[in-house]
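Residues per chain are reported as follows:
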Amino acid sequence: MGSGLLILNGPNLNMLGRRQPEIYGRETLSDIESACKLHGAELGLSVDFRQTNSEGELVGWIQEAAGVADAVIINAGAYTHTSVALFDALLLLDMPIIEVHLSNIYRRESFRHRSYVSGAATGVICGLGSRGYLLAMDAVAAMLAEDRQRPEDRQ
Ligand code: CA2
């Protein structure tokens, strides 16, 4: 059986493709979901792709991931920069966590330079548009394969 990957998207990402294409690109979240599912099939990862505008729902989904998912990719949207609750929830997970942002948050307003998610993430990808999700999936697939070979080395 393949590994299970949970891809979480936070507030306003459901609006992708409709506004601010110069920052976020022209693809919709549904386009990104399709690309992730296709890539998951190539990598042998089953993909559960979700979006919510609710911080509490994100926390709930992260809690549920324990014992169910093998890895999490998260674009927490604006909650990235504000949510200690997300940070605390992510710390409970003993699995690879990759933080993804479509835009380069470090080239934008200073309030976007702080990420609470980064403090709990295994790695961070930003500024590469929707390709960042696929690259995150490649990283997860490599980490899970390594883990299967040498589980005792995981940090
Ligand atoms: O670059 C990213 O992926 C962000 O996580 C996107 C968030 C932003 O708050 C983060 O700082 C960086 C915002 C997502 C909102 O996306 C929209 C797209 C089109 C129209 C309106 C919002």
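Coordinates for the structure precede this section.
## Thoughts on the sheet that holds strand β4 (residues 97-101)
Ordered by their spatial adjacency, five strands build an open sheet running β2-β1-β3-β4-β5, and the pairing between neighbours is parallel. Strands with a single pairing partner mark the edges of an open sheet, and in this sheet they are β2 (45-51) and β5 (123-126). Shown here is a sheet whose adjacent strand axes are inclined to one another by a mean of 20°, direction ignored. Contacts from helix α3 (residues 55-65) reach β1 (3-9), β2 and β3 (71-75), with the element oriented near 170° to β1. Contacts between helix α5 (residues 131-149) and the sheet are confined to β1, β2, β3, β4 and β5, with β1 contributing the most and set at about 145° to the helix.

## Structural notes on α3
Every buried residue of α3 is accounted for by L58, V59, W61, I62 and A65. Relative to the axis of α3, the buried residues are bounded by an arc of 165° and lie together on one face. Residues G56, Q63 and E64 are exposed on α3 and point more than 90 degrees away from its buried face. On its buried face, α3 sits against β1, β2, β3 and α4 (84-91). N-cap assignment for α3: the residue whose side-chain oxygen lies 3.3 Å from the backbone N of G56 is S54. Looking one or two places after α3, you find G67, whose phi comes out positive at around 80°.

## Section: the site of the ligand
Around the ligand sit 17 residues in total, of which N75, H81, L102, S103 and R112 are the nearest. Here A78 contributes a backbone N or O atom positioned 3.4 Å from an oxygen atom of the ligand. A distance of 2.7 Å is found between an oxygen atom of the ligand and a side-chain nitrogen or oxygen belonging to H81. Considering the ligand on its own, with 510 Å² of exposed area, one finds that the protein chains cover 93% of that surface. Because more than half of its atoms lie within 2 Å of the grid, the ligand is assigned to the largest pocket.

Conventions and cut-offs
Here the residue numbering is sequential within each chain, running from 1 through the sequence in written order. Owing to the predicted nature of the model, reporting of local features is limited to residues with pLDDT of at least 70; listing and counting of side-chain atom pairs is limited to 80 or more, with chain, interface and lining totals taken over all residues. Excluded from the side-chain calculations are hydrogens and water; all other atoms, namely the structure's heavy atoms, are used. At least two DSSP bridges between two strands are required for those strands to pair. Numbering of helices and strands starts at the N terminus; helices are DSSP runs of H or I of at least 4 residues and strands are runs of E of at least 2. For every element, the axis is a line fit to its C-alpha atoms; helices are fit only across the contacting stretch, and the angle between N-to-C directions ranges from 0 to 180 degrees. Residues are treated as being in contact if the distance between any of their heavy atoms lies within 4.5 Å. Buried, partly exposed and exposed residues are distinguished by accessible area as a fraction of the type maximum, computed with a 1.4 Å probe on protein chains only: under 20%, between the cut-offs, and over 50%, respectively. Throughout, the arc means that of the directions going from the helix axis to the C-beta atoms. Polar contacts, as used here, are pairs of N or O atoms within 3.5 Å; protein pairs need one atom able to donate a hydrogen and one able to accept it. Residues neighboring in sequence count only if both atoms are side-chain atoms. One heavy atom suffices: a residue is near a molecule or strand as soon as one of its heavy atoms comes within 4 Å of it. Only the protein chains shown count as cover for residues, with accessible areas throughout obtained via the Shrake-Rupley method and a probe of 1.4 Å. Think of a 1 Å grid over just the protein atoms. A cavity is a set of points where a 1.4 Å probe fits yet cannot get out, a pocket is an open set with protein on both sides within 12 Å along at least five of seven lines, and lining residues have an atom within 4 Å of a point. Occupancy of a cavity or pocket is assigned to a molecule whenever over half of its atoms lie within 2 Å of that pocket's grid points.

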